[in-house]
Amino acid sequence: MHEQRPVCLITGGASGIGAACASAFITAGYTVIIGDIQHDKSRAVAAALGEHASACELNVAVEADFENAVTALMATHGRLDCLVNNAAIVGALGPIAEIPLEEFEYAQSIIFRSVFLGMKHAARAMQGQGSGSIVNIASAAGLVAGYGPHLYSACKAAVVQLTQSVALELIEQGIRVNAVCPGNVETPIHTGVTDERWLRRMDKIRIDRADDQPMGRMALPAEIADAVVWLASAQSSYVTGHALVIDGGLLAGPPWRKQPDYYREFRPARR
Ligand SMILES: NC(=O)c1ccc[n+]([C@@H]2O[C@H](COP(=O)([O-])OP(=O)(O)OC[C@H]3O[C@@H](n4cnc5c(N)ncnc54)[C@H](O)[C@@H]3O)[C@@H](O)[C@H]2O)c1
C-alpha cells in the first residue's frame, strides 16, 4: 500500500536553496526526492535528512531524466504533490557582443528549458491525481534588469512568464503553479566553486554585498525555503500564477541609509 506522506521532487537539491528546501519539506512531513547532477552531494544531503529523503541522478537539461524521475517516484510513492524547479547556473557573463551562441543555448537549457521540462513531466503525474503544486525558483533578476548577467536575467524573466501561463492552464485540474524570486542568498552559486571553499569565498561576498541590501545582509537559504513550503501547502490554497519576491527590500529601492540627506531629514512641507 502507498504511504500517505505528501511527496516532493526538488531539482538542484544538493546545495544552497534546494538543500534548504529539502530540509524544510522533511520538517513539514513530506517525502523528499532530490534530483541533482552532484549525485554524491545529493545522496549525502538525503542521508542526513533520514529515511524519508532520497536522491536520484537528474540532469535538468535532459528530458529523459525528468521522465524517469517522475515515473520512478510514481512507482515508489504513488503520487507527486510538489515539484520545486530549483536547479540553475549563472551562465555566461559579459557584454552581449561577445557571448557565443552556444553559451545562450547552454544557459537557457539549464535555467529556463529545465523549468519547461520539469512542469511538463510533473503535470503528467499531478493531472492524474487532480492536485499538486509547482514552485519555480526564478529571481529578482528576472523582474528588474541589472541584478544579474544578461542570459541569467532573461531566462529568469522567461521562468516567471511560463509560470503564469502554465498556472492558468493547470488551475482547471487543481494544480497551482507559482514562482519565487529571491534577491541575494548566501549559496555557492555566487562563488564559482561547489566544494567547501565556497564558505571562505562567501565571507568576502557577504561583506561586499551587504552595503547594497536594504536589510544590510543577504538572505539565508532557509528564508527562501520556508516560502517554498508555504506555496506547496494548503495554507496558500488561493495563490497561483504568483511571483513571490523575497529580497529583503532590494527591488523596493535603495537602502534608506544611502538616500540623500534631503529625503532623510525631517523638514515640514512648505506652505
Ligand atoms: N543564491 C542566490 O542569490 C539566488 C538568487 C535568486 C535566485 N536563485 C536561484 O535559486 C536556485 C538555487 O540556486 P542556489 O543559489 O541554491 O545555487 P547552488 O549553486 O547552491 O545550487 C544549485 C544546484 O543546482 C544543481 N545543478 C546545476 N546544474 C544542474 C543540472 N544541469 N541538473 C541538475 N542539477 C543541477 C547544482 O549541482 C546545485 O546543487 C537557482 O535557480 C538560482 O538561480 C539564487
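Residues numbered from 1 in each chain as written. Predicted model: local features only at pLDDT ≥ 70, side-chain atom pairs only at ≥ 80, totals over all residues. Heavy atoms only, no water.

1. A look at the nonpolar core
Core analysis: the largest hydrophobic core is formed by 35 residues, its most contacted members being Leu-9, Ile-134 and Val-177. Secondary-structure elements contributing two or more residues to this core are strand S1 (7-11), helix H3 (63-77), helix H5 (113-129), helix H6 (150-170) and strand S6 (175-182). In terms of residue count, the dominant contributor to this core is H5 (seven residues). Apart from residues no more than four positions distant in its own chain, Leu-9 is found in contact with Ile-33, Gly-35, Leu-58, Val-70, Leu-73, Leu-80, Cys-82, Leu-83 and Val-84. Within the second largest apolar cluster, 32 residues are counted, among which are Val-45, Val-135, Ala-225 and Val-229. (Core = buried A, V, L, I, M, F, W, Y, C linked by side-chain atoms within 4.5 Å. Buried < 20%, exposed > 50% of the residue type's maximum accessible area, 1.4 Å probe, protein only. Helix = DSSP H or I, 4+ residues; strand = E, 2+ residues; numbered from the N terminus. Contact = heavy atoms within 4.5 Å.)

2. Observations concerning the side chain of Asn-86
Within the fold, Asn-86 resides in the loop between strand S4 (82-85) and helix H4 (101-111). Taking relative accessible area as the criterion, Asn-86 reaches 10% and is therefore assigned buried. Setting aside its immediate chain neighbours within four residues, Asn-86 contacts Thr-11, Gly-12, Gly-13, Ile-17, Gly-18 and Ile-137.

3. Points about the site of the ligand
Of all residues adjacent to the ligand, which total 28 residues, the nearest are Ser-15, Asp-36, Tyr-152, Thr-187 and His-190. Lys-156 places a side-chain nitrogen or oxygen 2.9 Å from an oxygen atom of the ligand. Here Thr-187 contributes a side-chain N or O atom positioned 2.5 Å from an oxygen atom of the ligand. Surface burial for the ligand is 95%, taken as the share of its 820 Å² of free accessible area covered by protein chains. When contributions to the shell around the ligand are tallied by element, the ones reaching two or more residues are helix H1 (16-27) and H6. Class assignment of the residues belonging to the shell around the ligand gives a composition of 15 nonpolar, eleven polar and two charged. (Near = heavy atom within 4 Å. Polar contact = N/O pair within 3.5 Å; in protein donor to acceptor, adjacent residues only side chain to side chain. Areas by Shrake-Rupley, 256 points an atom, 1.4 Å probe, with all protein chains shown as cover. Nonpolar A, V, L, I, M, F, W, Y, C, P; charged D, E, K, R; others polar.)

4. Topic: the pattern of salt bridges
This structure, assessed with the given rule, holds eleven salt bridges. With a closest N to O distance of 2.8 Å, Arg-197 and Asp-195 form a salt bridge. For Asp-195, a relative accessible area of 28% corresponds to the partly exposed category. Of the charged contacts, one joins Asp-203 and Arg-206 as a salt bridge, the two residues approaching to 2.9 Å between their closest N and O atoms. Here the residue Asp-203 and the residue Arg-206 both occupy positions in helix H7 (residues 197-210), the gap between them amounting to three residues, near one helical turn. Looking at Asp-203, the relative accessible area reads 39%, which means it is partly exposed. A relative accessible area of 29% places Arg-206 in the partly exposed class. The structure contains a network of salt bridges with shared partners spanning Glu-186, Asp-203 and Arg-206. (Salt bridge = Lys/Arg side-chain N within 4 Å of Asp/Glu carboxyl O.)

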